[in-house]
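Letter by letter, the chains look like this.
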Amino acid sequence: MMRIVALAIASVAGLVMLLSPFFPAMESVGAQSSEIFNVIAAIAFILGAGSLVKVNLSRVGRRDTGWGYAFVTLLCFAITLIVGLGKIGVPPNPQFAATPWAGEKDAAGSAFAWIYEFILTPITSTMFALLAFYVASAAFRAFRAKNREAMLLLGTAFIVLLGRTFAGVWLTGGFPEWASGLRLENLSMFIMQVFNTAGNRAIIIGIALGVTATSLRILLGIDRSWMGAGGGSA
Amino acid sequence: MSKEPRSPAILVWAMIVLAVAAVVGLRIGLGDGMARAYAERVEMRVTVQDVASPSGERVVEWVEWKSVSPAEFSRAVRESPSQDRVQLNPANTVGLWVAALLTLAIFSFLYRDNPAYRLAEAIIIGVSAAYWGVIGVWDSIVPKLFGALAHGWTTAHILPNLPAPTTQSQIGMGIALALGILLLLRLVPAVGGISVWTMAFIVGITAGAKIISHVESDLLAQTVATMQPLVQPADGGFWTGATLWASLPSVLVVVGVLCCLTYFFFSVEHKGVVGSAARIGIMYLMITFGAAFGFTVMGRVALLSQRVEFLLDDWLWLIDPLERRIVDGVSMIVGTGGVW
């Protein structure tokens, strides 16, 4: 019974979103559904946070290997939550100075902005920066120009990389005007505007068709894998 | 299973820590030091209406701190040694050190996994989970849910200019609250199964919205963008090399899109004409992946250079590309004989 109701909810909600652009009377219902979705998505963050606390508390409680890191996670979670929800250090909003909590949560000088600027941003951007090393290392080990396709991939990556750097511009800067199309920056631009556009366009069209087909399968109740174990396909 | 010898690793770690400590020690001792943040005091004063006050008004005062460069602090002190308008910002100074140490902790993974990296990892997990939760509360739950279901309280304490909700939005937020509570029941194993109803709503809305958005902005928009005139007349006439050259990109794009789509079409065996088109499609796709790879590497290297710049500029004060630490033409790297 619970699964039948779930299927009905998914189909009705999806059909409302699908039909709302075509019927003016349904437009507001579609917009309202989006609002409900956004609020549920925000509540889902609370669910995720609750799950994180549950898992880490049990690790600390059992004194598992690395429980100290779990404790640090919980501590940082609690501090950020208190600082953010309590708007600690947030100056009043000059427009509504009489309203106690009207200040922006991430106003300059607030503790929440401090956490974003000095903890969240440095760690996340450094983690992404590390990928520069790993991508280069993986490419060096895995990329071999053993056939035509691999050579095309490698050659394009090489041209695009060099074409966007000072070294690339300098290397081919001496080419005469009639051969300016072969300068690395121009070659890189040509690849991006022609071959890359064509390839990406086909991929995007393919994704759009795939998403549409999958979504229709869900709305028609053919694909029930999202319900987890026992859902499956009809 | 052979156990890896520990001593070389300890030696390498000792060398890394000593090298960083030596650079920091040298930098603290040379020139005007390193890693300090300054801020300018800004007095704020606003008059607000207050029915409880005899005059009907009340003055609200507070102080805000605006970040300024070290050079501005130096100038302010030289103009008036006893000034307190521009001061050292202890919170941001500590922040610079925290950010630098966390950056180094993450970079330490390049050698191998270690406690400093794992500590930074534990910090980011806790901070980011709470960060996005807080964003969700202040950006969605408070203005939409509280704004509709507890409008009076929300406008009195948090968002004074929030418009009054309609009956429809109140019903909608009531449904959102009910579905949200069902979702949170997932944390209670005994009744967690009922959260599938909220999941159903999320899946249904996403599926419906994705069909519209992908068909409209991807399928149709990309198809329309491909349907452009193949011949692009250039100066000098139709049958000229210039026209041929100008038309080449349009032709190559159309051919490429059709060949790539042929490659994606698996209902027909890739033989004969279809096979040839699919092979051309593969070549286009390889070029696309190569370009994507190049761009990804470029993006990561740009991020890397930003982090290195942060360490050398904001933290160590070894470089000064924005000239924020030049006082009377002298760089603080070498020392301005100043007011620190």
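For the structure, see preceding data.
Let us look at the structure shown here.

**Digging into the overall build of chain A**
For chain A, the count of helices and strands is 7 helices and 0 strands. Tracing chain A from N to C terminus, the helices and strands come up as α-α-α-α-α-α-α. Scaling as 2.2 N^0.38, a compact globule of 234 residues should have a C-alpha radius of gyration of about 17 Å, whereas chain A reaches 27 Å, well beyond that. By principal-axis analysis of the C-alpha atoms, chain A measures approximately 65 × 50 × 50 Å. Across chain A, the fraction of contacts at a sequence separation of at least 24, relative to all contacts at a separation of at least 6, is 28%. Summed over all atoms, the accessible surface of chain A reaches about 12,400 Å², with 71% contributed by carbon and sulfur. Considering chain A, the positive charge centre built from 16 side chains and the negative charge centre built from 10 side chains are found 13 Å apart.

**Quick notes on a nonpolar patch on the surface**
A cluster of nonpolar residues, A:F128, A:L131, A:F133, A:Y134 and B:L110, forms a patch on the protein surface that exposes about 410 Å² of accessible area. Within the secondary structure, A:F128 is located in helix α4 (residues 111-142). For A:F128, a relative accessible area of 41% gives the class partly exposed.

**Here's the deal with the packing of helix α1 (residues 2-19) of chain A against helix α7 (residues 196-226) of chain B**
Relative to each other, α1(A) and α7(B) sit at 30°, their axes nearing to 7 Å. When the interaxial angle is binned, α1(A) and α7(B) end up roughly parallel. Seen from above, α1(A) lies across α7(B) with right-handed handedness. Along the contact surface, α1(A) presents A:M2, A:V5, A:A6, A:I9, A:A10, A:A13, A:G14, A:M17 and A:L18, while α7(B) presents B:V196, B:W197, B:A200, B:F201, B:G204, B:I205, B:G208, B:A209, B:I211 and B:I212. Its residues assigned to classes, the contact of α1(A) with α7(B) comprises 16 nonpolar, 3 polar and no charged.

**So, the interface of chain B and chain A**
Residue-level contacts link 122 residues of chain B with 111 residues of chain A. Between chain B and chain A, roughly 10,700 Å² of surface is buried when both sides are summed, and carbon and sulfur atoms account for 83% of that area. Per-residue buried area on chain B facing chain A is highest for B:Y131, B:W138 and B:I287; these three make up 6% of the total on that side. The residue B:K144 makes a salt bridge to A:E35 at a minimum N-O spacing of 4.0 Å.

Cut-off values and rules
- Residues numbered from 1 in each chain as written.
- Chains lettered and ligands numbered in written order.
- Predicted model: local features only at pLDDT ≥ 70, side-chain atom pairs only at ≥ 80, totals over all residues.
- Heavy atoms only, no water.
- Helix = DSSP H or I, 4+ residues; strand = E, 2+ residues; numbered from the N terminus.
- Rg over C-alpha atoms; globule rule 2.2 N^0.38 Å.
- Contact = heavy atoms within 4.5 Å.
- Areas by Shrake-Rupley, 256 points an atom, 1.4 Å probe, with all protein chains shown as cover.
- Lys, Arg positive; Asp, Glu negative; His and termini not counted.
- Charge placed at Lys NZ, Arg CZ, Asp CG, Glu CD.
- Patch = residues over 30% accessible without salt bridge, like charges linked within 9 Å, V, L, I, M, F, W, Y side chains within 5 Å.
- Salt bridge = Lys/Arg side-chain N within 4 Å of Asp/Glu carboxyl O.
- Buried < 20%, exposed > 50% of the residue type's maximum accessible area, 1.4 Å probe, protein only.
- Axes fitted to C-alpha atoms, helices over the stretch in contact; angles between N-to-C directions.
- Parallel < 35°, antiparallel > 145°, perpendicular 65-115°, else oblique.
- Left-handed = near helix turned anticlockwise from the far one by under 90°.
- Nonpolar A, V, L, I, M, F, W, Y, C, P; charged D, E, K, R; others polar.
- Buried area = accessible area lost by both parts, 1.4 Å probe.

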